[in-house]
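Chain and residue survey
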Amino acid sequence: MVDRKEQFEALRNVINKHKDEKGALMPVMQEAQNIFGYLPQDVQIEIAEGLGITLSEVYGVATFYSQFALQPKGEHVISVCMGTACYVKGAQAVLDKLSESLGVAPGETTADGKFTLMATRCLGACGLAPVLTVGDDVHGRVIPDEIPSIIAKYES
Amino acid sequence: MKIYRSHVLICGGTGCTSSGSVKLLDRFAQQLKEHKLDDEISVVKTGCFGLCEAGPVVIVYPEGTFYSRVTPEDVDEIVAEHLLKGRIVRRLVYHEHSEVPNHSQSLNDIDFYKHQTRVALRNCGVIDPEKIDEYIAFDGYKALATALTEMTPQQVIDVIKESGLRGRGGGGFPTGLKWQLCAKSVSDKKYVICNADEGDPGAFMDRSILEGDPHSTLEAMVLCGYAIGSDEGYIYVRAEYPIAVKRLQIAIDQAKAYGLLGENILNTGFKFDIHIRLGAGAFVCGEETALMSSIEGRRGEPTPKPPFPAECGLFGKPTNINNVETFANIPQILLNGAEWFRTMGSQRSPGTKVFALGGKINNTGLVEVPMGTPLRTVIYDIGGGIPKGKKFKAVQTGGPSGGCIPSSLIDVPIEYDSLVEIGSMMGSGGMIVMDEDNCMVDIARFFLDFTVDESCGKCTPCRIGTRRMLEILDRIVSGKGEEGDIEKLETLAHAIKDTALCGLGQTAPNPVLSTIRYFRDEYEAHIKDKRCPAHHCKDLLHLEITDKCRGCTACARVCPVGAISGEPRGKHHIDIDKCIKCDSCISKCHFDAIIKV
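Residues numbered from 1 in each chain as written. Chains lettered and ligands numbered in written order. Predicted model: local features only at pLDDT ≥ 70, side-chain atom pairs only at ≥ 80, totals over all residues.

The next thing to look at is the overall build of chain A. In terms of regular secondary structure, chain A is built from 7 helices and 4 strands. Across its three principal directions, the C-alpha atoms of chain A cover 50 × 35 × 25 Å. Going through the 156 residues of chain A one by one, you find that 34% of them count as buried. (Helix = DSSP H or I, 4+ residues; strand = E, 2+ residues; numbered from the N terminus. Buried ≥ 20, exposed ≤ 12 C-beta atoms within 10 Å, placed from the backbone.)

Right under this line is the structure:
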């Protein structure tokens with residue numbers, strides 16, 4: 001179990017490190033998300049107070065950028081590249097198949113907290129289209145039939 | 001310096017890293033050690049070679065042997081055969097599509113490279129991007145040294161102006177003029193920004209330059225700082241590019257250690273510092289005013305222009321902002337002169353342009369060609385044509401702001417103005433090829449879906465207008481299109497183009513307008529005949545089994561909803577009311593007996 005106290009301690013260090021920089025908010029939020037995995041309300045309050053800005057500013061930025069998550073993610077994040085090159089080579093069918101196999105819509109997490117399914121912006125690995133990533137692993141030239149075996153690899 | 005008899009270059013770009021090039025690096029190191037060759041042969045991890053389709057790519061010099069799709073097991077053979085005994089491993093040598101196998105090819109014989117002119121990509125795949133010495137050995141920082149010691153800031157600007165370089169981010173604004181405007185602004189503080197928020201789906205040249213040759217961007221930013229009178233710069237780079245970010249940081253640290261960045265550069269008293277800022281996944285931040293809002297730590301919403309960044313930009317100070325590829329050209333122009341630069345490309349658009357070739361094309365990858373090169377050269381001579389003998393239908397340039405160019409215009413020269421004339425645009429250089437199986441209405445819908453998602457919501461035409469357009473397109477592809485929908489789309493498109501606040505909104509309707517212009521018949525088929533000519537839109541097609549069926553029952557067994565019936569060895573039949581069009585049967589059929597109608 002991660003110690004929340006330690007996490008907040010780390011967050012305060014990050015805030016102090018960046019406090020006097022111009023435009024410090026986003027770097028702080030990015031590091032905060034690395035520490036906590038997402039940005040729950042108490043983390044946003046800590047950031048707002050630490051940088052001397054309002055909570056609404058922090059929340060405004062958190063909801064504007066797709067990188068920031070307000071909900072915790074699953075153990076494995078499966079991201080299907082929806083860039084144009086992948087799309088014309090059948091990424092939609094891959095995403096549909098994943099959605100069907102996991103029983104969640106893109107953006108959602110499975111009930112057991114194992115997988116989060118994401119439709120992501122272009123990963124720039126167009127030579128491998130269609131591409132999906134599971135955490136840091138890249139799977140290229142994916143066909144829908146392969147999906148069950150890819151999921152099975154991470155289930156255990 | 002140590003001399004090696006051979007150099008093994010392994011591509012460490014994102015494409016090849018994704019297909020496992022890092023494992024090759026370890027395997028080479030281990031194998032060379034085992035054969036006691038590690039003193040004679042050096043292994044270098046470089047940036048992108050460009051031919052991502054063939055990844056992971058390994059090139060052995062001095063022969064220039066080009067090995068493609070190399071696996072860790074193959075490494076043992078390359079070391080034992082090629083490096084130890086001097087015998088090229090023919091089965092791994094890259095063969096172009098039409099080439100007869102067993103014909104060994106080196107880099108310069110390959111069509112993919114033969115037709116290219118590499119300026120911005122000159123060092124990518126040649127040097128180790130994590131070693132500043134290698135960049136310096138290829139004339140790196142020479143332009144900076146010359147400028148700081150022998151030229152005035154105005155002379156630097158004059159060379160860039162004379163070269164005719166235009167912004168490679170897509171707008172095509174003359175770079176020299178931009179620098180001049182910023183230089184003229186009087187202020188105690190000015191900023192230089194490098195826009196590396198490469199958001200166009202399918203475009204990855206800026207990332208490859210940062211990964212393969214990060215110092216060229218740094219050098220150009222310092223040059224720009226000197227020219228306009230700035231001492232601080234930011235690189236705003238996508239967080240999705242971890243390799244690029246890492247190498248940029250290494251490059252910045254090395255440049256500082258060498259006195260090429262930071263205080264008192266090259267002992268001239270000039271100082272310049274560069275910070276890296278990570279984007280957080282918002283397409284609109286590629287727009288310069290939105291990007292600056294983002295660096296300031298706010299929501300990335302654009303602001304109306306004027307005031308232009310050259311007068312009032314980052315933190316309210318005059319700011320010059322260029323994209324990565326534009327910067328990558330700068331040191332070369334100063335080294336070789338404006339005249340040299342103008343010998344490449346066309347009158348209106350001198351120089352070269354990097355394109356990311358992708359989609360239905362044999363050689364996916366990065367290509368750099370002189371401006372004005374016809375599309376045909378890029379798609380057929382360099383790209384190797386369309387796979388599986390399919391028919392070329394269109395090429396999409398300019399990403400979500402661009403348009404689709406039909407096969408009838410394949411001889412159009414690629415440059416800023418000619419692309420705009422035919423309803424598309426250069427954009428950052430994404431080039432997605434589509435074949436007969438791609439539905440153009442669906443492609444327009446795909447891009448609209450993207451812009452609706454990425455619209456920041458600040459101005460009404462973009463926030464609401466693009467959504468209304470998407471609803472109409474959704475209706476058309478699902479077979480519920482109505483008479484007059486095309487006209488409604490056109491009216492909305494022109495209204496949005498005229499009234500949206502920033503470039504994102506003003507260009508969002510382009511994919512729709514260009515597909516209507518060249519593929520109106522496809523729209524009409526969807527609306528009037530409830531038919532998708534490309535057999536792509538699921539709601540407008542059904543599956544049928546033809547007389548080719550041999551009754552092997554493979555399709556009936558794979559069908560998840562039991563929609564296929566028939567006796568063994570007899571022709572099968574699909575119940576279209578039950579069929580969910582998952583295409584499982586098509587992939588299982590050995591006789592190509594199942595078709596979409």
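Okay, the overall build of chain B next. Across its full length, chain B carries 23 helices and 17 strands. Expected size for 597 residues packed as a compact globule is a radius of gyration near 25 Å; at 26 Å, chain B falls within 12% of this value. Taking the principal axes of its C-alpha atoms as reference, chain B extends roughly 85 × 65 × 40 Å. Relative to its full complement of 597 residues, chain B shows a buried share of 53%. Considering only intrachain contacts with a sequence separation of at least 6, the fraction spanning at least 24 residues in chain B is 71%. (Rg over C-alpha atoms; globule rule 2.2 N^0.38 Å. Contact = placed C-beta atoms within 7 Å.)

At the junction of the two partners, chain A supplies 31 residues and chain B supplies 38 residues. Counting only elements with at least two residues in the side of chain A that touches chain B, the list comes to helix 2 (25–36), helix 4 (55–64) and helix 5 (84–88) of chain A. Sort the elements by how many residues they give to the side of chain A that touches chain B and helix 5 of chain A lands first, with 4 residues. Taken together, the residues of the side of chain A that touches chain B sort by class into 17 nonpolar, 10 polar and 4 charged. (Nonpolar A, V, L, I, M, F, W, Y, C, P; charged D, E, K, R; others polar.)

Here we come to the packing of helix 1 (residues 4–18) of chain A against helix 2 of chain A. Residue and element names in this part refer to chain A. Contact pair helix 1 / helix 2: the axes reach a minimum separation of 10 Å and the direction vectors enclose 165 degrees. The angle between helix 1 and helix 2 falls in the class roughly antiparallel. Between helix 1 and helix 2 the crossing geometry is right-handed. Counting all contacts with helix 1, which are made through Gln7, Ala10, Leu11, Val14, Ile15 and His18, the residues of helix 2 involved are Pro27, Val28, Glu31, Ala32, Ile35 and Phe36. For the contact of helix 1 with helix 2, the per-class residue count stands at 9 nonpolar, 2 polar and 1 charged. (Axes fitted to C-alpha atoms, helices over the stretch in contact; angles between N-to-C directions. Parallel < 35°, antiparallel > 145°, perpendicular 65-115°, else oblique. Left-handed = near helix turned anticlockwise from the far one by under 90°.)

Glancing now at the environment of Asp435(B). Residue and element names in this part refer to chain B. In this structure, Asp435 sits in strand 13 (residues 430–435). Among the residues examined, Asp435 registers 19 C-beta atoms within 10 Å and is labelled partly exposed. When the C-alpha positions of Asp435 and Val512 are compared, they lie 18 Å apart, and in sequence the two are 77 residues distant. Leaving out residues up to four positions away in the same chain, Asp435 has contacts with Lys360, Ile386, Lys390, Lys391, Phe392 and Lys393.

This part is about unusual backbone geometry. A cis amide bond links Ala129(A) with the next residue in sequence, Pro130(A), at an omega value of -10 degrees. Note that Pro130(A) resides in the loop between strand 2 (115–120) and strand 3 (132–134). Here the residue pair Lys305(B) and Pro306(B) is connected by a cis peptide bond, since its omega of -5 degrees sits within 30 degrees of zero. Residue position: Pro306(B) is located in the loop between helix 12 (288–295) and strand 8 (319–323). The backbone phi angle of Lys36(B) is positive, close to 55 degrees, even though this residue is not glycine. Tracing the backbone through its elements, the reader meets Lys36(B) in the loop between helix 2 (21–34) and strand 2 (41–46). Taking the number of C-beta atoms within 10 Å as the measure of exposure, Lys36(B) has 9 and is therefore exposed. One non-glycine residue, Arg569(B), lies in positive phi territory at about 65 degrees. Mapped onto the elements of the fold, Arg569(B) is located in the loop between strand 15 (564–565) and strand 16 (573–574).

This next bit is on the packing of helix 17 (residues 440–454) of chain B against helix 18 (residues 460–477) of chain B. Residue and element names in this part refer to chain B. Closest axis-to-axis distance for the helix 17/helix 18 pair is 9 Å, and the angle between their directions is 150 degrees. When the axes of helix 17 and helix 18 are compared, the pair comes out roughly antiparallel. Pair helix 17 / helix 18 crosses with left-handed handedness. The segment helix 17 lies against helix 18, with Val441, Asp442, Ala444, Arg445, Leu448, Asp449, Thr451 and Val452 engaging Thr466, Arg467, Met469, Leu470, Leu473, Asp474, Ile476 and Val477. Split into classes, the residues belonging to the contact of helix 17 with helix 18 amount to 9 nonpolar, 2 polar and 5 charged.

As a further point, take the domain arrangement of chain B. All names here are of chain B. Assigned domains of chain B: these are domain 1 (6–110), domain 2 (132–342), domain 3 (352–435), domain 4 (440–527) and domain 5 (542–596). If you average the C-alpha positions of domain 1 and of domain 3, the two centres end up 29 Å apart. In this complex, domain 1 contributes 7 residues to the contact, which on the side of domain 3 involves 7 residues. Of the residues in the side of domain 1 that touches domain 3, the class split is 3 nonpolar, 2 polar and 2 charged. (Domains from an automatic or database assignment.)

Let us look at the sheet that holds strand 4 (residues 65–67) of chain B. Residue and element names in this part refer to chain B. The 4 strands are arranged 2-1-3-4 in an open sheet whose pairing can be described as mixed. Only two strands of the sheet have a single partner each, and these edge strands are strand 2 and strand 4. For this sheet, the mean inter-axis angle between neighbouring strands, taken without regard to orientation, is 20 degrees. In terms of strand pairing, strand 1 (residues 6–11) meets strand 2 through 6 bridges, oriented parallel. Among the inter-strand pairings, Ile10 is bridged to a residue of strand 2, identified as Lys45. In the packing of helix 2 onto the sheet, the strands contacted are strand 1, strand 2 and strand 3 (58–61), and the crossing angle to strand 2 comes to about 170 degrees. (Pairing = 2+ DSSP bridges.)

What follows covers the sheet that holds strand 13 of chain B. Residue and element names in this part refer to chain B. Pairing within the open sheet is mixed, and its 5 strands lie in the order 10-9-13-11-12. Looking along the sheet, the strands with just one partner apiece sit at the ends: strand 10 (365–370) and strand 12 (403–406). Averaged over all pairs of adjacent strands, the angle between their axes in this sheet comes to 30 degrees, without regard to strand direction.

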